[in-house]
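Secondary and tertiary structure notes
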Number of protein chains: 2
Amino acid sequence: MGKTAIAGAIADAGVDPTAVSALYVGNMLSGMLSDQQHVGPLLATAAGLSGVEASTVEACCGSGGAALRWGYMAVASGMHETVVVAGVEQMTHQEAKTVTKGLATASDWEKEGAHGATFVSLNGALMSMYKEKYSVDHEAFGMFPMNAHNNAASSAHATLQKRLGPNDYRNSAVITDPVRLLDACPTCDGAAAVVLTANRDIARRQGNNALVRLAGSGAATDILCVMDRPQPLHLSAVEKSTQQALAHAQIDMGTVDLFELHDAYSIMACLCLESAGFALPGQGTHFAKDGHLALNGILPIATFGGLKARGHPVGATGVYQASEAFLQLTQAAGANQVKGAEVAMTQNIGGAGASVYTHVFVRE
Amino acid sequence: MGKTAIAGAIADAGVDPTAVSALYVGNMLSGMLSDQQHVGPLLATAAGLSGVEASTVEACCGSGGAALRWGYMAVASGMHETVVVAGVEQMTHQEAKTVTKGLATASDWEKEGAHGATFVSLNGALMSMYKEKYSVDHEAFGMFPMNAHNNAASSAHATLQKRLGPNDYRNSAVITDPVRLLDACPTCDGAAAVVLTANRDIARRQGNNALVRLAGSGAATDILCVMDRPQPLHLSAVEKSTQQALAHAQIDMGTVDLFELHDAYSIMACLCLESAGFALPGQGTHFAKDGHLALNGILPIATFGGLKARGHPVGATGVYQASEAFLQLTQAAGANQVKGAEVAMTQNIGGAGASVYTHVFVRE
C-alpha cells in the first residue's frame, strides 16, 4: 500500500524519483499489529528510494500530520529540496479486540487504557458531558456522519461509499453509550503520500499547472489523560495549533474555504469546530444543522468522506487530508469539488485531543 | 526517567522552561513493552512542558539520533528557537524473550524476524562473514568491549562499571555462534536529554561559558534485510550519513577528536569504523589493537562506555551520545575526558545498519 501511494504521488507530481532525498512516514501500529517497526527503510526500498533518509513519526492517530510537519521542516531548514511524506496503516488483518487494544495505547495507559478505557469510551465520556452541559439531543450529532457519508458516496478512495439518512442514524446501534456505530469511524487499511518541494519548477509540473503552497504548520499537545484536563470539552491543543498554523500562513480564519478536520467520532468533529474557533462553544451541532458543512456550505468539512466515511487508517489519515486538500485546491476533486477553493486547512489529532497537527494550504 | 533527564538538561542549560517550545522523543519499544504509545504528550506534561509540540520518532535503535535530527531541523527551519530532544527506553521490566522479540521487529520481519532471526543472530552472521573474509581471529574483537568497559569503569552513568581483561573475553560464553556474551550490549533502561537552541545567549549559559555547535547532521538508510544487500560487510548508510554530516559541518574527517559510534556488537563497532572511513576494510580490529581507540588514542570511541558498557536503552542511545559529546567538548568529562577535544562525531544506528544518523559537534 505504501509503495503504491508513493509511486502515485511521485508520478502525479512528475518528479524524478532521484530528486527525492528523504521519506517521512506516519505510522502507529505496525510494530504491535504486524511485528514490523522500522517502516522507514523498508518502505524506502519498496518505493525505489533506497538509501534516502527515512524515518517513522509516531503521534498515534496524528502520526500522518506529524510526518507532514517533519517534511515541512526538512525542506524549510534547507536540509532537503524535495521529500516524500507518506502515511500507512494496516489494521484489518487482526481481530477487533487486538486493534482496539492497540489503539488504546494512544491513551494514558496507566490512567485510562489499563482500566479498560478505549477510544470509543473516551469519546463517549466527552459526548455525555457535552450533551449534558449544552442540553443537546443525540440526533443533532447525526449531521456529522450524514455529511461525511454524503461526500464519500462520490469519492473513489472512500471506504464507506454510501449515503445515510436520518433514519439510518436514528436506528444505529449504541456501541458504548452514548456513542452509536454511526458516530464512529471504521477500522480500515490505507496509505497516502504527498511530495513536498522547495523547487517551484518541480511544484508547477502538475497537468493543470497549479501550485499549492504549504503555507502554515502548527503543532501542540494537551495533557494525555482526558479527565486530567481542566476543561475536557475545550481541546486546547486544537486551539493552539490552529492559531499557530494560521499565524504562520498569515491567513485569517475567515478565508479558509474547507477544513479537513479529525472526525474520528461525531463528538470530536463537533469539539474541533468549536475549539478551532469556527463555532462557539456548544454551537457545533447547530453549525452543522445549518448546512454550513456541506460542499456548498460556508465551511465544507470531510469533503471526500472524512475519517468517518473515507476511513481512518490511523497513521495515514493526516497524509490523506493533505492529499485531499491538494485535490481541492488544484480543482481536481471531481464531484467532490469545493467551488473556487483557494485555502484549505487540515487537522490531524492523536488521542482524544492530545497531539494536534494543523496545516494550511494555499493555491497560488 | 524521561522527566528526570529533561529536568536535568534544562537545569544544566540554565534555560527558562517556558522558552522550550517543542519536545522530540526517541523511543522504540514503549508500545510493545509498556502498552504506551503516544510518549510525546505524556512526557511533555511530566516534564512541565505541557502544551508544546511533542512527537515521538521511531527509527528503532536509531530513534534517538533521528529525534536529534528532527530537533536540529525544527530549529534550523525557524519553526522553533529552543527545543528539547530526549530519548527514553524501558526494557528490563519484561522477560528477555519478549524484549528479544520486540527488538527483532527492527529487522525485516517477513524475511528475518519471522524466521527466528534476532539481532544477536544477524550480527553473528556478519561476524562469521567478516572473520572468514579477512581471516580474523575471534580474540581480535575483544579490544572493543575491553576499551568500552575500561571507559565505563569511571563513568557515573554507565550500566556496567567494570573493567574487563583478555581472559574475561576469552572465557566469555558463546550466545549465538560466533557472538560471545561480551560482544553484545546489555538490555537496560535509560533516558537522556539535550537542549538545542538558536539563541547564542542561551547556548552560552553553561557554567564554564562553553558553546557547542551542532554543526552537521547526516541521515541515510540501507536495505532492511541484511542479506539482500549487495555487500553486507559494507554499511552503505554509515558511509553516506558520515559523509553528509562532515560535508554539512564543513569538517575534514581527520579533525574528528572522538567518535561515539554504535557499538551494540563488537562486529558493528568494527564495521562502523571501516564504513565511516576511519579504517580500511578488514582493518577495524587492527586499528583497535593499535590502541587508537583509547581515551588518549587518535580516535577515542565509547568514551563513557559506549553501547557495550554504558548501555543501550535503544531509543535513548542517540541522545546519550549527544550528551556525551557535549560533556567532552565542554571539558566536563572528568576521568573520561579526551584532552583538548574540539570536534566530536556521534553515530546512531537502527537495525543492522539500516537507519543511520550521524552528527558532528564542534566546540566554539
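Residues numbered from 1 in each chain as written. Chains lettered and ligands numbered in written order. Predicted model: local features only at pLDDT ≥ 70, side-chain atom pairs only at ≥ 80, totals over all residues. Heavy atoms only, no water.

Residue and element names in this part refer to chain A. If you trace the four strands from one edge of the open sheet to the other, you get β7-β10-β9-β8, paired in mixed fashion. The open sheet is flanked by β7 (212-221) and β8 (258-260), the only strands paired with a single partner. Averaged over all pairs of adjacent strands, the angle between their axes in this sheet comes to 15°, without regard to strand direction. Pairing geometry for strand β9 (residues 343-350) and strand β10 (residues 355-363), over eight bridges, is antiparallel. Within β10, the position partnered with isoleucine 349 by the bridge is valine 356. Of the strands in this sheet, β7, β8, β9 and β10 touch helix α14 (residues 317-329), which is tilted by about 170° from β9. (Pairing = 2+ DSSP bridges. Helix = DSSP H or I, 4+ residues; strand = E, 2+ residues; numbered from the N terminus. Axes fitted to C-alpha atoms, helices over the stretch in contact; angles between N-to-C directions. Contact = heavy atoms within 4.5 Å.)

What follows covers the pairing of strand β7 (residues 212-221) of chain B. It is a general feature of regular strands that their side chains alternate between the two faces of the sheet. Residue and element names in this part refer to chain B. Within β7, nine of the ten residues are buried, leaving the element largely enclosed by the surrounding structure. Where β7 and strand β10 (residues 355-363) come together, nine bridges link them in antiparallel fashion. Of the residues in β10, the one forming a bridge with glycine 216 is valine 360. (Buried < 20%, exposed > 50% of the residue type's maximum accessible area, 1.4 Å probe, protein only.)

Residue proline 178 of chain A is reached from aspartate 177 of chain A by a cis peptide bond, and omega for that bond is 5°. Within the element layout of this structure, proline 178 of chain A appears in the loop between β4 (174-176) and β5 (179-180). Positive phi, normally seen in glycine, also occurs at histidine 38 of chain B, with a value near 60°. Here histidine 38 of chain B is to be found in the loop between α2 (30-34) and α3 (39-46).

All right, on to the relation of the copies chain B and chain A then. Of the transformation placing chain B onto chain A, the axial shift is 0.0 Å and the rotation is 180°, giving an RMSD of 0.0 Å. The symmetry that links the two subunits is that of a two-fold axis. By C-alpha distance to the rotation axis, the residue of chain B lying nearest is serine 77 of chain B, at 1.9 Å. A share of 100% of the interface residues of chain B reappears at the interface of chain A, consistent with the copies meeting face to face through the same patch. (Least-squares fit on C-alpha atoms with pLDDT ≥ 70 in both.)

This part covers helix α3 (residues 39-46) of chain A. Taken together, the buried positions of α3 of chain A are occupied by Val39, Gly40, Pro41, Leu43 and Ala44 of chain A. Once α3 of chain A finishes, glycine 48 of chain A follows within two positions and takes phi at roughly 80°, a positive value.

With that settled, the discussion passes to the interface of chain B and chain A. Each partner contributes residues to the interface: chain B has 55 residues there, and chain A has 55 residues. Across the chain B to chain A interface the summed buried area is about 4100 Å²; carbon plus sulfur atoms make up 55%. It is Gln37, His38 and Met79 of chain B that lose the most area in chain B upon contact with chain A, and together they represent 17% of the buried surface on that side. If you look at where chain B meets chain A, you find four salt bridges. Salt-bridge contacts for lysine 101 of chain B lead to aspartate 35 of chain A; the nearest nitrogen and oxygen are separated by 3.0 Å. Counting across the chain B and chain A interface gives 30 residue pairs in polar contact (both at pLDDT 80 or more). (Buried area = accessible area lost by both parts, 1.4 Å probe. Salt bridge = Lys/Arg side-chain N within 4 Å of Asp/Glu carboxyl O. Polar contact = N/O pair within 3.5 Å; in protein donor to acceptor, adjacent residues only side chain to side chain.)

Moving on, we come to the packing of helix α6 (residues 119-134) of chain A against helix α11 (residues 266-276) of chain A. Residue and element names in this part refer to chain A. In contact at an axis separation of 9 Å, α6 and α11 are set at 60° when each is read in the N-to-C sense. When the interaxial angle is binned, α6 and α11 end up oblique. Along this stretch, α6 crosses α11, giving a crossing that reads as left-handed. For the pair α6 and α11, the contacting residues are Asn123, Leu126, Met127 and Tyr130 in the first and Ser266, Ile267, Met268, Cys270, Leu271 and Glu274 in the second. Among the residues making up the contact of α6 with α11, the classes are represented as seven nonpolar, two polar and one charged. (Parallel < 35°, antiparallel > 145°, perpendicular 65-115°, else oblique. Left-handed = near helix turned anticlockwise from the far one by under 90°. Nonpolar A, V, L, I, M, F, W, Y, C, P; charged D, E, K, R; others polar.)

All told, the structure shown has nine aromatic pairs over all chains when counted by the stated rule. Where tryptophan 70 of chain A meets tryptophan 70 of chain B, the ring centres are 4.5 Å apart and the plane angle is 5°; that geometry is what we call stacked. Taken together, the residues span two chains, with tryptophan 70 of chain A in helix α4 (residues 63-76) and tryptophan 70 of chain B in helix α4 (residues 63-76). The buried category is assigned to tryptophan 70 of chain B, whose relative accessible area is 0%. Here arginine 180 of chain A stacks its cationic end above the ring of tyrosine 169 of chain A, 5.6 Å away from the centre of that ring. (Phe/Tyr/Trp six-rings, centres within 6.5 Å; stacked < 30°, edge-to-face > 60°. Lys NZ or Arg CZ within 6 Å of the ring centre and 35° of its normal.)

Looking now at α4 of chain A. All names here are of chain A. The end-to-end C-alpha distance of α4 is 20 Å, a good match for the 20 Å that 14 residues give at a rise of 1.5 Å each. Of all 14 residues in α4, 13 are buried, a share of seventy percent or more. Two residues or fewer after α4 comes glycine 78, characterised by a positive phi angle close to 85°. (Expected span 1.5 Å × (residues − 1).)

With that out of the way, let us pick up the side chain of threonine 105 of chain B. Looking at where threonine 105 of chain B falls in the secondary structure, it is placed in the loop between α5 (96-104) and α6 (119-134). In this structure threonine 105 of chain B comes out as buried when scored by relative accessible area, which is 0%. Within the local environment of threonine 105 of chain B, its side chain forms a polar contact with the backbone oxygen of glycine 102 of chain B, the two atoms lying 2.6 Å apart. With residues near it in sequence (within four places) discarded, threonine 105 of chain B still touches Asp35, Gln36, Gln37 and His38 of chain A together with Met28 and Met32 of chain B.

Another aspect to go through is the environment of serine 266 of chain A. All names here are of chain A. Assignment of secondary structure puts serine 266 in helix α11. Classification of serine 266 by relative accessible area gives buried; the value is 3%. In this structure the C-alpha to C-alpha distance between serine 266 and arginine 310, which are 44 residues apart in sequence, comes to 14 Å. Not counting chain neighbours up to four residues away, the residues in contact with serine 266 comprise Met127, Phe141, Phe144, Pro145, Leu182 and Asp183. Reaching out from serine 266, the side chain makes a polar contact with the side chain of aspartate 183 at a distance of 2.6 Å.

Before going further, it helps to examine the pattern of salt bridges. The full count for this structure, using the stated rule, is 16 salt bridges over all chains. Of the charged contacts, one joins glutamate 364 of chain B and arginine 200 of chain B as a salt bridge, the two residues approaching to 2.8 Å between their closest N and O atoms. One end of the pair, glutamate 364 of chain B, is in the segment after β10; the other, arginine 200 of chain B, is in helix α9 (residues 200-203), and 164 residues separate them in sequence. Look at glutamate 364 of chain B and you get partly exposed, because its relative accessible area is 38%. Of the charged contacts, one joins aspartate 222 of chain B and arginine 229 of chain B as a salt bridge, the two residues approaching to 3.5 Å between their closest N and O atoms. Looking at aspartate 222 of chain B, the relative accessible area reads 7%, which means it is buried. Salt bridges sharing partners connect three or more residues here, namely Arg200, Arg213 and Glu364 of chain A.

As a further point, take the environment of glycine 26 of chain B. All names here are of chain B. Here glycine 26 is to be found in strand β1 (residues 22-26). In sequence terms glycine 26 and alanine 344 are 318 residues apart; their C-alpha atoms lie 21 Å from each other. Excluding anything up to four places from it in sequence, glycine 26 contacts Val57, Ser63, Gly64, Ala67, Ala86, Gly87, Val88, Gly315 and Ala316.

Right, let's get into the sheet that holds strand β1 (residues 22-26) of chain A. On the basis of which strands lie adjacent, the open sheet formed by eight strands has the order β6(A)-β3(A)-β1(A)-β2(A)-β2(B)-β1(B)-β3(B)-β6(B) and mixed pairing. For this open sheet the edge positions go to β6 (190-197) of chain A together with β6 (190-197) of chain B, each flanked by a neighbour on one side alone. This sheet shows a mean twist of 25° between the axes of neighbouring strands, independent of strand direction. By the bridge criterion, eight bridges tie strand β3 (residues 82-89) of chain A to β6 of chain A in an arrangement that is antiparallel. Looking at β6 of chain A, one finds that valine 84 of chain A is bridged to valine 195 of chain A.

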